[in-house]
Amino acid sequence: MSIESIVKQRSGAKCELCASEDNLSVYEVPASPDKTAGSCVMVCGTCRTEIEDADTLDQNHWRCLNDSMWSQEPAVQVMAYRMLKRLSSETWAQDLLDMMYMEEDKVEWAEKGLLADEDKPRDVNGVELKKGDDVTIIKDLPVKGSSMVIKQGTAVRGINLTNDPKHVQGKVEGQTMFIIAEYCRKK
C-alpha cells in the first residue's frame, strides 16, 4: 500500500487535525525521523495553508486541536503540539499545551520542527514579520539608555529585519531603534 492510502485509511478520509472532509492531502511532518506513513498526517486545504503560511493563521480554526491533540498517532500529536506552540499567546492554546502529554522522543521531534521556524521574526500572534510590514506596539516599552518610552498603540511603519529573529528595526519618533518582535502586532 502507498503512504497516501495508509494515511487515508487511518484517518477515515478526514483531516486528522480538524476532521474536515474537504480538499484532503497527505502532509509530511517536517523534521520527521523517517519517511513512512507514521511521519505523515492527512490534512484539509485550510489546515495545510495555515501550517505553511503563518500569515493566514485563524486562531479560531485551531480550537479543533482540543480533540486532535489526544490522537494516538505520533505525527498528529507532533502537529498539534507545534500549532499550539505557534498559538501559545492565546490563553486557550496555552491551556491545551499545558494539558498535553507526549513521550520524550515525540517532544524532541516536535521541537526540532519548531527550531526550523525560529529563524523568522514573529509578532505576538505568531504571524511572521517581513521587511516593509507595518506593526503596532502592544505594550509600553522603555528604550534602553534613555528616558524615552514607546507607548502602547504606537504605529511603526516599514520595519526592517535584523540578524536576530527576536528583533525588528523601525523608526519611532524619528529615531531608528530595535524592537522586540513579540511586542508587535502586524497590521
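Residues numbered from 1 in each chain as written. Predicted model: local features only at pLDDT ≥ 70, side-chain atom pairs only at ≥ 80, totals over all residues. Heavy atoms only, no water.

Draft legend 1. Local environment of the overall build of the protein chain. When helices and strands are tallied, the protein chain shows six helices and ten strands. When its C-alpha atoms are laid out on the principal axes, the protein chain stretches across 65 × 30 × 25 Å. Taken over 187 residues, the protein chain has a buried fraction of 40%. In the protein chain, the proportion of contacts linking residues at least 24 apart, taken out of those at least 6 apart, comes to 58%. (Helix = DSSP H or I, 4+ residues; strand = E, 2+ residues; numbered from the N terminus. Buried < 20%, exposed > 50% of the residue type's maximum accessible area, 1.4 Å probe, protein only. Contact = heavy atoms within 4.5 Å.)

Draft legend 2. A look at unusual backbone geometry. Its identity is not glycine, yet Ala-13 carries a phi of approximately 60°, on the positive side. As for its placement among the helices and strands, Ala-13 is situated in the loop between α1 (3–11) and β1 (25–28). Even without being glycine, Asn-23 reaches a positive phi, approximately 50°. Following the sequence through the fold, Asn-23 ends up in the loop between α1 and β1. When its relative accessible area of 61% is taken as the criterion, Asn-23 is described as exposed.

Draft legend 3. Just the sheet that holds strand β3 (residues 135–137), in detail. Strands sit in the order β6-β3-β10 across an open sheet of three strands; the sheet is antiparallel. Two strands in the sheet have a free side with no partner beyond their single neighbour: β6 (155–156) and β10 (184–186). Two elements, β3 and β6, share two bridges in a ladder whose sense is antiparallel. Following the sheet pairing, Thr-136 is matched in β6 by Ala-155. (Pairing = 2+ DSSP bridges.)

Draft legend 4. Molecular detail of the sheet that holds strand β7 (residues 160–161). With antiparallel pairing, three strands are arranged side by side in an open sheet as β7-β8-β9. The strands lining the two open edges of the sheet, one partner per strand, are β7 and β9 (175–180). In this sheet, strand β8 (residues 167–172) lies alongside β7 in antiparallel orientation, the contact comprising two bridges. Bridged to Asn-160 within β8 is Gln-169.

Draft legend 5. Highlighting the environment of Ser-147. Here Ser-147 shows up in the loop between β4 (141–142) and β5 (149–150). In this structure the C-alpha to C-alpha distance between Ser-147 and Asn-160, which are 13 residues apart in sequence, comes to 24 Å.

Draft legend 6. Focus on the pairing of β8. Only one face of β8 is buried, namely the one carrying Val-168, Gly-170 and Val-172, since none of His-167, Gln-169 and Lys-171 on the opposite face is buried. A loop of five residues connects β7 with β8, the two strands running antiparallel in sequence. Where β8 lies against β9, six bridges are found, and the strand directions are antiparallel. Pairing of Val-168 across the sheet is with Ile-179, part of β9. As consecutive antiparallel partners, β8 and β9 are separated by two residues, and within that stretch Glu-173 has a phi angle of approximately 50°, a positive value.

Draft legend 7. Inspection of the confidence of the model for the protein chain at higher detail. Residues with a pLDDT of 70 or more make up 97% of the protein chain, whose mean pLDDT is 90. Strand β2 (residues 40–43) holds the highest mean pLDDT among the elements of the protein chain, 96, whereas helix α6 (residues 104–117) holds the lowest, 82. (pLDDT = per-residue confidence, 0-100.)

Draft legend 8. How the structure looks around the pattern of salt bridges. Scanning the entire structure with this criterion turns up seven salt bridges. Note that Asp-105 and Lys-106 form a salt bridge whose closest N and O atoms lie 3.0 Å from each other. The class for Asp-105 is partly exposed, based on a relative accessible area of 44%. If you follow the salt bridges from partner to partner, you end up with Arg-10, Glu-16 and Glu-73 in one network. (Salt bridge = Lys/Arg side-chain N within 4 Å of Asp/Glu carboxyl O.)

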